[in-house]
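So the chains spell out like this:
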Amino acid sequence: MSTQYNIAVVGATGVVGQELIKILEERKVPVGELRPLASARSAGKTVKFNDTHIEVQELTPDSFNGIDYALFSAGGAISEEFCPHAVKAGTVCIDNTSHFRMDPTVPLVVPEVNAADAHKHNGIIANPNCSTAQLVVALKPIYDEVGIARLVISTYQSVSGAGNEAIFELEEQSRALLNGQELAPEQFPHPIAFNAIPHIDKFTENGYTKEEMKMVGETKKIMGDDTIAVTATCVRIPVFICHSESVNIKTRKKISAARVRELLQAAPGVEVVDDVANNVYPLPRAVSGKNDVQVGRIRDDISQENGIELWCVGDNLRKGAALNAIQILEELIK
Ligand SMILES: NC(=O)c1ccc[n+]([C@@H]2O[C@H](COP(=O)([O-])OP(=O)(O)OC[C@H]3O[C@@H](n4cnc5c(N)ncnc54)[C@H](OP(=O)(O)O)[C@@H]3O)[C@@H](O)[C@H]2O)c1
């Protein structure tokens, strides 16, 4: 019989946790025991996995006995506290939160870009921020061909990036507004329905948000190149699933839009959707539920010599979180 692995999902009732369980099933990962873990509030609820209903257990320091791999997505504070307990129990952690991402002893991995780094772990591997994961998949083939000097990114991020409660808030606010009422925001600093909020995570001293600074630091770490200049503006928009990004790339050597299109057509994890004559380009509603990152609107930047413009859309719950984590797991067990 082939080897099976005991897998814990920490945050199993959350929007990422649910997607993790769905993708473990979809990709037929050889799971022996699946152990769903969440807070005391969820203990006793069940999750469905391969036609069985498995009871959610409360996360405690002893939750990892007999577990080979733990997929964490219950917030940074939970990972900070519980990953060390898991590592002590001999469990390898794949962490979806930002807590360990910039720790130099923790690999930060997007398998299409730096799969080999996954094997250099000391018990913890970090999964990048959702906006960064989809971005680097599209950048890697261009980087390998001509190098990248600078990136200017603007994001249009869906509410599911902020979890279950945020999805509910967009639904409720939209319904209320269409009925002539206004509901006070709870998950976002301003109403999200019919709005665009240029503020994701906290502001830092340099005027950028933490979300923007995550894109800056994580892109360089995953690409393994500190010399790439990166600037980003991250915006929350009233879309349920999928983050969209306008990406301006200054390459080190000249490359044509036609060559970029060709490279991306052959790239793993990327689907080129680019036929403007027929109004065809990546859209969040079309990419939702898909594994590949879609790229379109690929064109030469008319404002500079070595410049490329593109539009990139990825499912933030899949490539931006759960799928990438499971690809890391697959890399470790292959
Ligand atoms: N959403 C995304 O696109 C995305 C992408 C990349 C990374 N992430 C990261 O993934 C993490 C989870 O995000 P999410 O969007 O799935 O959030 P979510 O829908 O709000 O789910 C949060 C999960 O964490 C659990 N949890 C909360 N407090 C806990 C505690 N004290 N002990 C044990 N479990 C606890 C919750 O369990 P209960 O149901 O019991 O409260 C729930 O399962 C966050 O760190 C987020 O930054 C999210």
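Rules used throughout
Residues numbered from 1 in each chain as written. Predicted model: local features only at pLDDT ≥ 70, side-chain atom pairs only at ≥ 80, totals over all residues. Helix = DSSP H or I, 4+ residues; strand = E, 2+ residues; numbered from the N terminus. Rg over C-alpha atoms; globule rule 2.2 N^0.38 Å. Buried ≥ 20, exposed ≤ 12 C-beta atoms within 10 Å, placed from the backbone. Contact = placed C-beta atoms within 7 Å. Core = buried A, V, L, I, M, F, W, Y, C linked by C-beta atoms within 7 Å. Domains from an automatic or database assignment. Pairing = 2+ DSSP bridges. Axes fitted to C-alpha atoms, helices over the stretch in contact; angles between N-to-C directions. Expected span 1.5 Å × (residues − 1). Arc of directions from axis to C-beta. Nonpolar A, V, L, I, M, F, W, Y, C, P; charged D, E, K, R; others polar. Parallel < 35°, antiparallel > 145°, perpendicular 65-115°, else oblique. Left-handed = near helix turned anticlockwise from the far one by under 90°.

**Q** Residues and numbers for the overall build of the chain, please.
**A** For the chain, the count of helices and strands is nine helices and 14 strands. The C-alpha radius of gyration computed for the chain amounts to 20 Å, which stays within 12% of the reference 20 Å derived for 334 residues, consistent with globular compactness. In terms of overall dimensions, the chain has C-alpha extents of about 60 × 55 × 40 Å along its principal axes. Within the span of the chain, comprising 334 residues, buried residues form 47% of the whole. Look at the contacts in the chain between residues 6 or more apart in sequence, and 67% of them connect residues 24 or more apart.

**Q** Any chance you could break down the nonpolar core for me, citing the residues and the numbers?
**A** Counting residues in each nonpolar core, the largest one holds 88 residues, and the members touching the most others are V10, L20, A70, L71 and A138. Of all the elements, helix α4 (residues 130–146) adds the most residues to this core, at eight residues. Two domains share this core, each providing at least three of its residues, namely domain 1 (5–128 + 321–333) and domain 2 (132–316). In this structure L71 touches I7, V9, V10, L20, I94 and A325, once residues within four positions along its chain are discounted.

**Q** Tell me what's going on with the sheet that holds strand β6 (residues 69–72), and back it up with residues and numbers.
**A** The parallel open sheet is built from six strands, whose spatial order is β5-β2-β1-β6-β7-β8. Where the open sheet ends on each side, the last strands, each with one partner, are β5 (57–58) and β8 (124–126). As defined by bridge partners, strand β1 (residues 5–10) adjoins β6 across four bridges and the pair is classed as parallel. Looking at the pairing, V9 lines up with L71 of β6. Against the sheet, helix α2 (residues 76–88) contacts β1, β6, β7 (92–95) and β8, and its axis sits at roughly 160° relative to β7. The strands touched by helix α9 (residues 318–333) are β1, β6, β7 and β8; relative to β7, the strand with the most contacts, the crossing angle is about 150°.

**Q** Describe helix α5 (residues 164–178), naming the residues involved and giving the relevant values.
**A** When the terminal C-alpha atoms of α5 are compared, their 22 Å separation across 15 residues agrees well with the 21 Å that a helix rising 1.5 Å per residue should span. Within α5, the full set of buried residues consists of A166, E169, L170 and Q173. Along the axis of α5, the buried positions cluster into a sector of 100°, meaning they face one direction only. The exposed set on the far side of α5, more than 90 degrees from its buried face, consists of R175 and L178. Phi turns positive, to about 80°, at G180, one or two residues after α5.

**Q** Break down the domain arrangement of the chain for me, with residues and values.
**A** Taken domain by domain, the chain holds domain 1 (5–128 + 321–333) and domain 2 (132–316). Here domain 1 and domain 2 have C-alpha centroids that lie 25 Å from each other. On the side of domain 2, 20 residues touch domain 1, which itself brings 14 residues to the contact. Contributions of two or more residues to the side of domain 1 that touches domain 2 are made by α3 (111–114) and α9. Here the side of domain 1 that touches domain 2 is built from residues that sort into eight nonpolar, four polar and two charged.

**Q** Which residues make up helix α7 (residues 257–265), and what are the values?
**A** Within α7 the residues assigned to the buried category are V260, L263 and L264. Taken down its axis, α7 places every buried residue within 95° of arc, on the same side. The elements touched by buried residues of α7 are α4, β12 (270–272), β13 (293–300) and β14 (307–314).

**Q** I'd like a rundown of the packing of α4 against helix α6 (residues 210–223), residues and numbers included.
**A** Interhelical geometry of α4 versus α6 gives an angle of 45° and a closest axis separation of 10 Å. The pairing of α4 with α6 is recorded here as oblique in orientation. The interaxial crossing formed by α4 with α6 has right-handed handedness. When α4 is examined against α6, the residues S131, T132, L135, V136 and Y143 are found in contact with a partner set consisting of K214, M215, E218, T219, I222 and M223. Each residue belonging to the contact of α4 with α6 can be placed in one class, and the counts come to six nonpolar, three polar and two charged.

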